[in-house]
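Fold and geometry: a report
Residue strings, one per chain:
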Amino acid sequence: MPETLLEVQDLHTVFKTKAGVVKAVDGVSFEISPGETLGIVGESGSGKSVTALSVMRLQRPGKIVSGKVMFKGRDLTKVSEGEMREVRGQDIAMIFQDPMTSLNPVFRTGWQVAEPVRLHHGLEKAKAMDVAVSMLGKVGIPSPATRARDYPHQFSGGMRQRAMIAMGLTTTPKVLIADEPTTALDVTIQAQILDLLRHVNRDFGTATILITHNLGVVAGMCERVMVMYAGRVVEAGPTVDVFAHPKHPYTWSLLRSIPRLDAERHEPLKPIEGLPPDLIDLPTGCAFHPRCKFTIERCSRDVPVLNRVGDTQLAACWVTQSGVELKGA
Amino acid sequence: MPETAHVQLKKAWTASDPLVSVHGLKTWFPISSGVLQRTTAHVRAVDGVDLEIKKGETLGLVGESGCGKSTLGRTIIRLLDPTAGTIHFKGEDITHQRGTTLREHRRDMAMIFQDPYASLDPRQTVGDIIGEPLDIHGLAKGRERQNRIYELLQVVGMNPRFADRYPHEFSGGQRQRIGIARALAVGPTFIVCDEPISALDVSIQAQIINLLERLQSKFDLTYLFIAHDLSVVKHISNRVAVMYLGKIVEVAPGGQLYRRPRHPYTGSLLSAIPIPDPVIERGRERVILQGDVASPVNPPSGCRFRTRCPRARPHCAEEEPPLESFGAEHLAACFYPLD
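Residues numbered from 1 in each chain as written. Chains lettered and ligands numbered in written order. Predicted model: local features only at pLDDT ≥ 70, side-chain atom pairs only at ≥ 80, totals over all residues.

Overview of the overall build of chain B
Here is the rule: Each helix is a run of DSSP H or I of at least 4 residues and each strand a run of E of at least 2, with the numbering of both proceeding from the N terminus. We compute the radius of gyration over the C-alpha atoms and compare it with the globule rule, which gives 2.2 Å times the number of residues raised to the power 0.38. Exposure classification rests on a simple neighbour count of other C-beta atoms within 10 Å of a residue's own: a residue reaching 20 or more is buried, one at 12 or fewer is exposed, and one in between is partly exposed. C-beta atoms are placed from the backbone.
Scanning chain B from N- to C-terminus turns up 12 helices and 12 strands. The C-alpha atoms of chain B give a radius of gyration of 21 Å, which matches the 20 Å a tight globule of 339 residues would have. Dimensions of chain B along its principal axes, counting C-alpha atoms only, are 65 × 55 × 50 Å. Burial analysis of chain B (339 residues in total) assigns 44% to the buried set.

Take a look at the structure:
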């Protein structure tokens, strides 16, 4: 087992709203090793983005109420804001879903891409710009020296996302967190960006945390996957095993509810009935139990803990932990 | 098809004829600039489309953002005025219809929109949202109107009591059900579904897809299903049309399109779509397209896809490839098609 690069332990992040306290992240733990690609999947409101933002300490107005984020022997939830600023961009970089709003429209793209090396490595303008231009070239932007002088609005969506990735990589971070990096893009552009992320992972050895709602993207990109529902991790394990033998009814149902391009015959989809839960007023016990086909009496009473089910997977489910196989129509 | 053929169709339209047929359809949007706001160019959103939709079928329409798929859908039901070409509905030329005649036809057509948050008036009750088409077309009043609203809510799987509530009280999936109930209110035969599930959570999408399929068989509906997600489109459609930069480049039954795409754009589009199976996904060969879609203001000469096409040859720039038959119900517009 390779050494752990980043370890999140029992993280809790809450948002206080007028209607009540939202437990956006409710006891999430995971770790990532150098060069690894970890997928975090879940629907809107599952807490996947807030988990990533909490790692970067960008969760405000949310508040990290407990838990640890261990990186290079330090707990990032405890370090000063100044130290955290060093970590961001330098050690851990993040790219966001919407490349349209995450670049500043009034600065030239090259200048923005060069900013992390100026700030973190103290390079002078001209040298920083050289780094930026070479990185823009590496992420596949044609004639990078000229394009670096363009403003973001002169870039297409895919180009902007490439520029964001270039910006994240200039300081050769150890961890790259990509939060829905392709959701706003067309599929052919999505394929380009995913291909780029694969190259980054391989060529720079950057550990990648890929947050997405798209199970297909996870299948193609990630060695390990973590499935979130209502702020909790419900299942985790090697992607191949989780997709072949899901051990949590949510994962199991989700995989059966999506149409597949390679389906041979037309069969009606098997939807998950009901609605995603209200985070202010979560169901008792397992948050998924009102929508679950396998629910037993205990599910509405006790919150299931994440435990080993099978050889390689973890699942937070009383049913599968008792040895029951998930199957059925 | 020559003009006389349409006249004949109009006289003798039967259910075996195409419900909708579109010929040489163009929808251009003017771009004006300068002090005088003179029209200097056009966005050629739809630029010469021929398409037939049979009664009772679901025709899927896929393409990337900006390819003109929504504009095409809206032009077909005359929410937008075509720049050129003809639209026939039930054999009748509706291209230039206005006023009462057009309204008559509108009772036969409806639309379901992408964004269930923006397409429902927040100040109307659910009942009034669904009842509005009934009022406009004078279909029901008073008690009858009320009953019809209750019935429609039930049909889309919602509690009739929700009629007095407001849209903000509902989730995205429920709002989309309300949008569907509104579309059904006039008793249409043809519904344009414009990205009806893209704004919904993954676990809710299947509920709406199944609902649309159930309603189709119950009310004998014909759908034009517009989406960018080819897996969803293939699932719900009988035939799939692929659009690129204002043109249809390929049409075929879904399975056929997946097994044997002939247009290089379809091929790369299919290979770009991730399949939720890590074993299959790792063994797949990808054709990753270079660059972005060209501008619809000034599309490339000849074949519009040639600027990104891995198979393009000089001839592709000189002449525009026509849609040609590649077997039963399979059309593609390419000089050097895939095998």
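Some thoughts on the packing of helix H4 (residues 126–136) of chain B against helix H6 (residues 172–184) of chain B
Residues and elements named next belong to chain B. This is how it is decided: Axis lines are fitted through C-alpha atoms, for helices just across the contact stretch, and the angle between N-to-C directions can take any value from 0 to 180 degrees. The labels follow the angle: roughly parallel below 35 degrees, roughly antiparallel above 145, roughly perpendicular from 65 to 115, and oblique for the rest. Crossing handedness is read from the near helix: turned anticlockwise from the far helix by less than a right angle, it gives a left-handed crossing, and turned clockwise, a right-handed one. Contacts are defined on C-beta atoms placed from the backbone: any two residues whose C-beta positions lie within 7 Å are in contact.
Running from N to C, H4 and H6 point in directions that differ by 30 degrees, and their axes come no closer than 7 Å. As judged from the angle between their axes, H4 and H6 are roughly parallel. For the pair H4 and H6, the sense of crossing is right-handed. For the pair H4 and H6, the contacting residues are Val126, Ile129, Ile130 and Pro133 in the first and Ile178, Ala181 and Arg182 in the second.

A few points about the pairing of strand S9 (residues 224–229) of chain A
Residues and elements named next belong to chain A. In plain terms, the rule: Paired strands are those between which DSSP finds at least two bridges.
Of all 6 residues making up S9, 6 are buried, and the element is well covered by its neighbours. Across the two faces of S9 the burial is the same, with Arg224, Met226 and Met228 and Val225, Val227 and Tyr229 all buried. Here strand S3 (residues 37–41) runs beside S9; their pairing, made up of 4 bridges, is parallel. Residue Gly39 lies in a different strand from S9, and its bridge partner there is Val225. Examined bridge by bridge, S9 and strand S10 (residues 232–238) share 6 bridges and lie antiparallel to one another. Opposite Met228, over in S10, you have Val233 as the bridge partner. Taking the residues between adjacent antiparallel strands as the criterion, S9 and S10 are bridged by 2 residues, where Ala230 takes a positive phi near 50 degrees.

A closer look at the confidence of the model for chain B
Our working definition: pLDDT is a residue-level measure of predictor confidence that goes from 0 to 100.
Chain-level statistics for chain B give a pLDDT mean of 92 and a share of 97% at 70 or above. Across the whole predicted complex the pTM is 0.89, and at the interface the ipTM reaches 0.84.

Some remarks on the sheet that holds strand S8 (residues 207–212) of chain A
The pairing of strands in a sheet happens through backbone hydrogen bonds and is either parallel or antiparallel. Residue and element names in this part refer to chain A. Taken in spatial order, the 8 strands line up as S6-S7-S8-S3-S9-S10-S12-S11 in an open sheet, and their pairing is mixed. Where the open sheet ends on each side, the last strands, each with one partner, are strand S6 (92–95) and strand S11 (307–309). When strand polarity is set aside, the average angle formed by the axes of neighbouring strands in this sheet is 20 degrees. Examined bridge by bridge, S6 and strand S7 (residues 175–179) share 4 bridges and lie parallel to one another. Looking at the pairing, Ile92 lines up with Val175 of S7.

Comments concerning the nonpolar core
Test applied: Defined on buried residues, the nonpolar core groups Ala, Val, Leu, Ile, Met, Phe, Trp, Tyr and Cys residues joined through C-beta atoms within 7 Å. Domain delimitation follows an automatic or database domain assignment.
If you look at the biggest cluster of nonpolar residues, it comprises 190 residues, and the most contacted ones within it are A:Ala132, A:Leu136, B:Ile191 and B:Phe225. Looking at this core element by element, the count peaks at 8 residues for helix H7 (residues 187–204) of chain A. Mapped onto the domain boundaries, this core takes at least three residues apiece from domain 1 (6–222) and domain 2 (229–260 + 268–321) of chain A. Among all residues touching B:Ile191, those that are not within four sequence positions of it are B:Ala110, B:Met111, B:Ile112, B:Ala183, B:Leu221 and B:Tyr223.

Points about the interface of chain B and chain A
As a reminder, the rule being used: Ten residue types, Ala, Val, Leu, Ile, Met, Phe, Trp, Tyr, Cys and Pro, are classed as nonpolar, four, Asp, Glu, Lys and Arg, as charged, and the remainder, Gly among them, as polar.
At the interface, 35 residues of chain B touch 37 residues of chain A. Every element with two or more residues in the side of chain B that touches chain A is listed here: helix H7 (202–219), helix H8 (230–236), helix H10 (264–272) and helix H11 (278–283) of chain B. The element contributing the most residues to the side of chain B that touches chain A is H7(B), with 7 residues. Residue classes in the side of chain B that touches chain A are distributed as 17 nonpolar, 10 polar and 8 charged.

Focus on the sheet that holds strand S2 (residues 38–54) of chain B
Residue and element names in this part refer to chain B. Taken together, the 4 strands give an open sheet; going across it, the order is S2-S1-S4-S5, and neighbouring strands pair in antiparallel fashion. Edge strands, defined here as strands with exactly one partner in the open sheet, are S2 and strand S5 (92–93). Across 5 bridges, strand S1 (residues 18–33) lies against strand S4 (residues 84–89) in antiparallel orientation. When the sheet's bridge partners are listed, Val22 is paired in S4 with Ile87.

Overview of the domain arrangement of chain A
All names here are of chain A. Segmenting chain A into domains produces domain 1 (6–222) and domain 2 (229–260 + 268–321). A separation of 28 Å is found between the C-alpha centroids of domain 1 and domain 2. Contributing elements (two or more residues each) for the side of domain 1 that touches domain 2: strand S2 (20–32) and helix H8 (215–221). Here the side of domain 1 that touches domain 2 gets 9 residues from one element, more than from any other, and that element is S2. Taken together, the residues that form the side of domain 1 that touches domain 2 break down as 10 nonpolar, 7 polar and 3 charged.

Quick word on helix H1 (residues 48–55) of chain A
Given 3.6 residues per turn, any residue in an α-helix points the same way as the ones three and four places further on. Counting buried residues along H1(A), 8 of its 8 residues qualify, which places the element largely inside the surrounding structure. Inspection of H1(A) places A:Lys48, A:Ser49, A:Val50, A:Thr51, A:Ala52, A:Leu53, A:Ser54 and A:Val55 among the buried residues, and these make up the whole buried set.

Structural notes on unusual backbone geometry
In most cases, non-glycine residues show a negative phi, while peptide bonds are predominantly trans. Residue and element names in this part refer to chain A. Along the chain, Arg60 connects to Pro61 via a cis peptide bond; the corresponding omega equals 10 degrees. Tracing the backbone through its elements, the reader meets Pro61 in the loop between H1 and strand S4 (63–71). Non-glycine residue Lys72 carries a positive phi angle of around 50 degrees. Relative to the helices and strands, Lys72 resides in the loop between S4 and strand S5 (74–75). Here Glu180, not a glycine, exhibits a phi torsion of approximately 45 degrees, which is positive. Residue placement: Glu180 occurs in the loop between S7 and H7.

Concerning the packing of H4(B) against helix H5 (residues 142–155) of chain B
All names here are of chain B. Two numbers describe how H4 lies on H5: the axes approach to 10 Å, and their chain directions differ by 115 degrees. Regarding H4 and H5, the two cross each other, and that crossing is right-handed. Between H4 and H5, the contacting residues are Gly127, Ile130, Gly131 and Leu134 on the first element and Arg145, Arg148, Ile149 and Leu152 on the second. Split into classes, the residues belonging to the contact of H4 with H5 amount to 4 nonpolar, 2 polar and 2 charged.

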